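What follows is the residue order along each chain.
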Amino acid sequence: MMTSSMRNIAVFIALFHVSIVVATVPPCQTCGSPNLSPPAPEAAPPELAPIPPADSPETNKAPNDGVFDVTEHGAVADGGTESSSAFSAAWNAACDHPGNSTFYIPEGRFLVGPISFPGPCYNNRSPNIEIRGTILAPISLSAFQSSNWIAFKNLQGFTVTGGTETAKLDGQGAAEAWKQSSCEKSERCKKLITSIDFINVSYATISSISLSNSKGFHLGLHGSNNINIYNVNITAPRDSPNTDGIHVSHSSNINISSSRIGVGDDCVSIGPGSNNISIFNVQCGPGHGISVGSLGKYKNEKDVVGISVWNCTIKGTQNGIRVKTWPGAPASKASNLTFEDIFMINVSNPIVIDQEYCPSHSCKTSELTDIFIRNISGTYNTKSVVTLLCSSEVPCENVQLVNVSLKHVVPNSPGQGCLSMKGFIHGLQVINSSF
């Protein structure tokens, strides 16, 4: 229950009146653009829920029936012999097999160039993929004619797993891709290569794999549905450009859980046309946090509806949870976004809603409605805890912050605990919160 010390704050933005009910929000005279600070002492995060076991045999031997081993088709596990032809041959044999089949990559280090594993397969039954070794991407960007390294397309009802071990996919981005001059001159590198893409796939499980040092996004989902991702480990240095952990777009019924993601960009980013996306029990950091967007950059983008982020730990990131939009024609919509039970450690900008992500300064902004932020706790290191940059043309609507309890890493530091607001907001509530 709210105490008698709580007060109503009337915020007048242009000609619009916003009522905010708060518990204790200290006044801030110096709020402005977020200012990143060096790392400070860390608090202990809550324990993660147990990671589900991998769906594969306990033995290190490959299954006997319908197994298509890449080494039996000519792949060489020496880390230097290019083996994409052998991988393709093994896949084609597995895909054409009339019964159950497994595409099998044994222990060892395999250098594999850009490759696609297409379907549909025989009788519309896709092979399972079991990886026991390490797959290495070519270092040179000139080897890539498309925007992905490994792509699974037009498949359904299959698993990708590391078995009892963890499969490893190394994008080797540090050697050349991250050094592109475009990476230094703009926010986006000129050539970005996604390590593993799932395009138009359905009813798949991805587990017990490790991705590192991608030349762009690590794992992408596009035009896919009913995908379960768990026990995935994704790593890249905090200064590696555009290395999002998992990017989802134009997909539905996606569950991402019990995974650890530390990269140079968003741990998880949700793009246009995404519906019913659940992110649960994920450890994020370093990186830019967990983001919805950016949205509205291109014409006629599809809406984003039903995003749930809960029981996650975000540590040492530039942002915590963020919603960002570009101009759209016509403007797209994002609604029913829930961020709940999230623990933050030394995060620079814990909560950001930004409808002004528009370098061109001529935006037609996406509509944001029904954003629920509940039970957020932990520490931050800048002056702005909550940043709400809403449009004057398309106001944010129905934004709720409930039980937000965040403390500055330096107790009693000047100017801490700022709620930074700009633009028009219809229906803002800040309840039982302190920061």
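The structure we're discussing is the one just above.
Let me begin by describing the structure that accompanies this report. (Residues numbered from 1 in each chain as written. Predicted model: local features only at pLDDT ≥ 70, side-chain atom pairs only at ≥ 80, totals over all residues. Heavy atoms only, no water.)

**Brief notes about the pairing of strand E26 (residues 396–408)**
Put simply, the rule is: Strands qualify as paired when DSSP identifies two bridges or more between them. For the purposes of this entry, the term helix denotes a DSSP run of H or I that reaches at least four residues, the term strand denotes a run of E that reaches at least two, and both are numbered from the N terminus.
Bridging between strand E24 (residues 367–380) and E26 involves ten bridges; their strand directions are parallel. Across the sheet, the residue bridging to Thr-369 is Glu-397, located in E26. As paired elements, E26 and strand E28 (residues 425–431) share six bridges and run parallel to each other. Bridge pairing in E28 links Cys-396 to Ile-425.

**With respect to the environment of Asn-398**
Note the following rule: For the exposure calls, accessible area comes from a 1.4 Å probe over protein chains only, and a residue counts as buried if that area is under 20% of its type's maximum, exposed if over 50%, partly exposed in between. Whether two residues are in contact is decided by their heavy atoms: any pair within 4.5 Å suffices. Definition of a polar contact: a pair of N or O atoms within 3.5 Å, with one able to donate and the other able to accept a hydrogen when the atoms are protein atoms, and with sequence-neighbouring residues admitted only if both atoms are side-chain atoms.
Mapping Asn-398 onto the fold places it in strand E26. Note on Asn-398: relative accessible area 26%, which makes it partly exposed. Separated by 29 residues in sequence, Asn-398 and Thr-369 have C-alpha atoms that sit 5.8 Å apart. Setting aside anything within four residues of it in sequence, one finds Asn-398 in contact with Asp-370, Ile-371, Phe-372, His-426 and Gly-427. Side-chain polar atoms of Asn-398 contact the side chain of Asp-370, separated by 2.7 Å.

**A closer look at the pairing of strand E10 (residues 148–161)**
Across four bridges, strand E7 (residues 115–118) lies against E10 in parallel orientation. Residue pairing for E10: Phe-117 is matched across the bridge by Phe-152.

**Some words on the state of the cysteines**
Under the convention used in this document: By convention in this document, the label disulfide applies to cysteine sulfur atom pairs within 2.5 Å.
A full pass over the atoms with the stated rule returns four disulfides. Each disulfide pairs two cysteine sulfurs, and for Cys-95 the partner residue is Cys-121, the sulfurs being separated by 2.0 Å. Because the torsion about its S-S bond is -105°, the bridge between Cys-95 and Cys-121 counts as left-handed. You can see Cys-95 sitting in helix H1 (residues 84–96) and its partner Cys-121 sitting in the loop between E7 and strand E8 (128–131), a full 26 residues away along the chain. Neither residue differs from the other here; Cys-95 and Cys-121 are each classed as buried. With its sulfur 2.1 Å from that of its partner, Cys-267 forms a disulfide with Cys-284. Here Cys-267 and Cys-284 share a disulfide; its torsion about the S-S bond, 80°, makes the bridge right-handed. Of the two residues, Cys-267 is situated in the loop between strand E16 (252–262) and strand E17 (268–270) and Cys-284 in strand E18 (residues 275–284); the sequence distance between them amounts to 17 residues. The exposure classification of Cys-267 matches that of Cys-284, with both residues buried. Not part of a disulfide, Cys-312 finds its nearest cysteine sulfur in Cys-284, a span of 8.3 Å. The exposure class of Cys-312 is buried, given its relative accessible area of 2%.

From the geometry alone we can't say anything about function, so treat these as descriptive.
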